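# Residue-level structure breakdown
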Amino acid sequence: MLINFLCFREILLHILQEESKLSSEHLFCVDLQNKGGVAGLQWKRHYQSKLNVLIAQNKAISNIQQNCEDSDVICSEFHLSFERQPGDVQLEQKDKEIHACQCPTNVLLHLEAFDFVFLQPEGHLANYFDSVFCNLRNNGLLCLTSSDISVQFTRTANVIRRYCHAQVTKTEYMREMAVRVIIGCAVRSASRCNKGLEVLMTPCVEDNFLIVMRVHRGPQHADHCLDQVKPQLYCQICEEQCFLPGGLTPIENPYALLACTCHEKTPGRTAIVLGPMWSGSIFNTTFISNLLKPHEDLPEHSSQFKKVLQSIQEEAVCSHLDVSETNGDHHQRDLGEPEAKRPKIEHSQHPTTTHPPFYINLHKMKFKDVIIPKMRKVLSFLRSEGYRASRTHFDSNSVRTNANRTQFHDVLLKFCKKSRKE
């Protein structure tokens, strides 16, 4: 788990590098990780005068002071004041100085305005959404991280219903569904403050995730984002799924929206409604590409950082173009495709074209009449038929594609060996 969070800290470090380029003023950043301020100290060591860093936790700040002393950084105590207005001029901060504050996270977020919030609370994330969006500045970034998402969303569905107001069940795309449910909960909280969210990236390493979102102020942004929070219809027989359309009128035959025929072949109610959850894009290709660029002020990218972000970049594009095969590792060849040949997705505040939602696990496929080949060949077969397809960093055994399961099966029947058990 430590290696996973080290990767997330490296991602945050590069995000702040890009954000500091876009702002002519000091960014006011807060580390609410409750880990002794390790992330905040890392930001200050690399960017010094570009950032004002505040580290806050509910318990005593003696461990923060000790970490500052070990890092040769001055630790000054930050005192909250009810007479200050959120967004007032902050205290000046030296190049090797950070501010530390002992207070409840919700209290701090209500009393101060920030440009960058890194939140990894000890409780559930949903407890802090209303406080975060109250004073998070326009175009500010919110970075959320949590661990053991599969456990949270499979074993404690009743807890998720209480905190996120969403229904969940165990699925093969559990990790992405968990991310989308949390984003949907955050969008509803932000809308109450007349703010909308732009999801920039959602890296997931093993069972830990990081969600990076940008805040856009205005009721039009809030309404647009709320329209993308939808319930999902999920078939319990074949795991086919689709988002239910919005509107005030009920759907007469919801089973017709699914691409499968399980309801016709199996008696009873074969589908359930999950969510609501975020139905829009969870990756921004321009943002991810900028993070992958080398920077003189930062150390060279670690292998874990490159692996995660290059995988996300390929997944965000989810190309329908096949990549010519050459010697060497096939995964690195796909990622190393020349930039001129790589499909482009233009950056927009609310992108209209997005990658296909969710993915199909090849190891859990129940096709008895065909032998499923290796991942590289499956992607090639799907792309040759005109479907978009890519690996997914959420699950190494899964493929993200816009082909439904029936179409997926037809492609395998066309190109793959037939099973002897047929």
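Per an unreviewed UniProt entry, the protein is named tRNA (guanine(26)-N(2))-dimethyltransferase, and its organism is Magallana gigas. What UniProt records for the protein under Subcellular location (unreviewed entry) is the sentence "Nucleus, Nucleolus".

### Focus: the overall build of the protein
Of regular secondary structure, the protein possesses 15 helices and 15 strands. Computed over its C-alpha atoms, the radius of gyration of the protein comes to 23 Å, within 12% of the 22 Å expected for a compact globule of 422 residues. With respect to the three principal axes, the spread of C-alpha positions in the protein is 70 × 55 × 35 Å. Within the protein, the fraction of its 422 residues that count as buried is 54%. Restricting to contacts in the protein with at least 6 residues of sequence separation, those with at least 24 account for 71%. The centroid of the 48 positive side-chain charges in the protein is displaced by 8 Å from the centroid of its 47 negative side-chain charges.

### What about the sheet that holds strand β13 (residues 360-361)?
The strand order across the open sheet built from three strands is β13-β15-β14, with neighbouring strands paired in antiparallel fashion. Edge positions in the sheet fall to β13 and β14 (389-392), since each has one partner strand and no second. By the bridge criterion, four bridges tie β14 to strand β15 (residues 395-401) in an arrangement that is antiparallel. Its bridge partner being in β15, T392 is matched across the sheet by D395. Of the strands in this sheet, β14 and β15 are in contact with helix α14 (residues 375-384), which crosses β14 at around 150°.

### Description of the environment of A157
Of note, A157 is situated in helix α7 (residues 157-164). According to the relative accessible area criterion, A157 is partly exposed, its value standing at 28%. Each C-alpha atom, one on A157 and one on K170, is 9.1 Å from the other, the two residues being 13 residues apart in sequence.

### A short note on the pairing of strand β4 (residues 97-102)
The element β4 is extensively covered by neighbouring structure, given that five of its six residues are classed as buried. Across four bridges, the pairing between strand β2 (residues 51-57) and β4 is parallel. In the sheet register, L54 faces β4, and the bridge partner there is H99. Bridge analysis of strand β3 (residues 74-77) against β4 gives four bridges, and the strand direction is parallel.

### Notes on unusual backbone geometry
Following G275, the chain continues to P276 via a peptide bond in cis, the omega torsion being 10°. Structurally, P276 is set in strand β12 (residues 271-278). The backbone phi angle of E206 is positive, close to 55°, even though this residue is not glycine. Turning to its location among the elements, E206 is positioned in the loop between β8 (204-205) and β9 (208-217).

### Describing the sheet that holds strand β11 (residues 241-243)
Taken in spatial order, the three strands make up an open sheet running β11-β10-β12, and their pairing is antiparallel. The open sheet has two free edges, formed respectively by β11 and β12, since each of these has just one partner strand. If you compare each strand with its neighbour and ignore which way they point, the axes differ by 25° on average. Contacting β10 (229-235) and β12, helix α8 (residues 174-191) runs over the sheet at an angle of about 55° to β12.

### Quick notes on the pairing of strand β6 (residues 136-147)
Judged by how many residues are buried, β6 sits mostly within the fold: nine of 12 residues are covered. In this sheet, β6 lies alongside strand β5 (residues 114-119) in parallel orientation, the contact comprising five bridges. Across the sheet, the residue bridging to F116 is L141, located in β6. Read as a crossover between parallel neighbours, the route from β5 over helix α5 (residues 129-135) to β6 is right-handed. The pairing of β6 with β9 spans seven bridges and is classified as antiparallel. Opposite S147, over in β9, you have N208 as the bridge partner.

### Structural notes on the packing of α8 against helix α9 (residues 219-226)
Packing of α8 against α9 brings their axes to within 9 Å, and their N-to-C directions diverge by 150°. Classified by the angle their axes make, α8 and α9 are roughly antiparallel. Crossing handedness for the pair α8 and α9: left-handed. For the pair α8 and α9, contact is made by V187, R188 and S191 and by A222, C225 and L226, respectively. Residues that form the contact of α8 with α9 fall into these classes: four nonpolar, one polar and one charged.

### Some points on the pattern of salt bridges
Working definition: two side chains of opposite charge can pair if their charged atoms are close together. In this structure the tally under the stated criterion is 12 salt bridges. For E176, the salt bridge is made with R400, and the minimal N-O distance between the two is 2.8 Å. One end of the pair, E176, is in helix α8; the other, R400, is in strand β15, and 224 residues separate them in sequence. One network of salt bridges, in which partners are shared, links E176, R180, E315 and R400.

Cut-offs applied
Residues numbered from 1 in each chain as written. Predicted model: local features only at pLDDT ≥ 70, side-chain atom pairs only at ≥ 80, totals over all residues. Heavy atoms only, no water. UniProt positions renumbered as here; feature names shortened; annotations may be inferred. Helix = DSSP H or I, 4+ residues; strand = E, 2+ residues; numbered from the N terminus. Rg over C-alpha atoms; globule rule 2.2 N^0.38 Å. Buried < 20%, exposed > 50% of the residue type's maximum accessible area, 1.4 Å probe, protein only. Contact = heavy atoms within 4.5 Å. Lys, Arg positive; Asp, Glu negative; His and termini not counted. Charge placed at Lys NZ, Arg CZ, Asp CG, Glu CD. Pairing = 2+ DSSP bridges. Axes fitted to C-alpha atoms, helices over the stretch in contact; angles between N-to-C directions. Right-handed = clockwise from strand over helix to strand, strands pointing away. Parallel < 35°, antiparallel > 145°, perpendicular 65-115°, else oblique. Left-handed = near helix turned anticlockwise from the far one by under 90°. Nonpolar A, V, L, I, M, F, W, Y, C, P; charged D, E, K, R; others polar. Salt bridge = Lys/Arg side-chain N within 4 Å of Asp/Glu carboxyl O.

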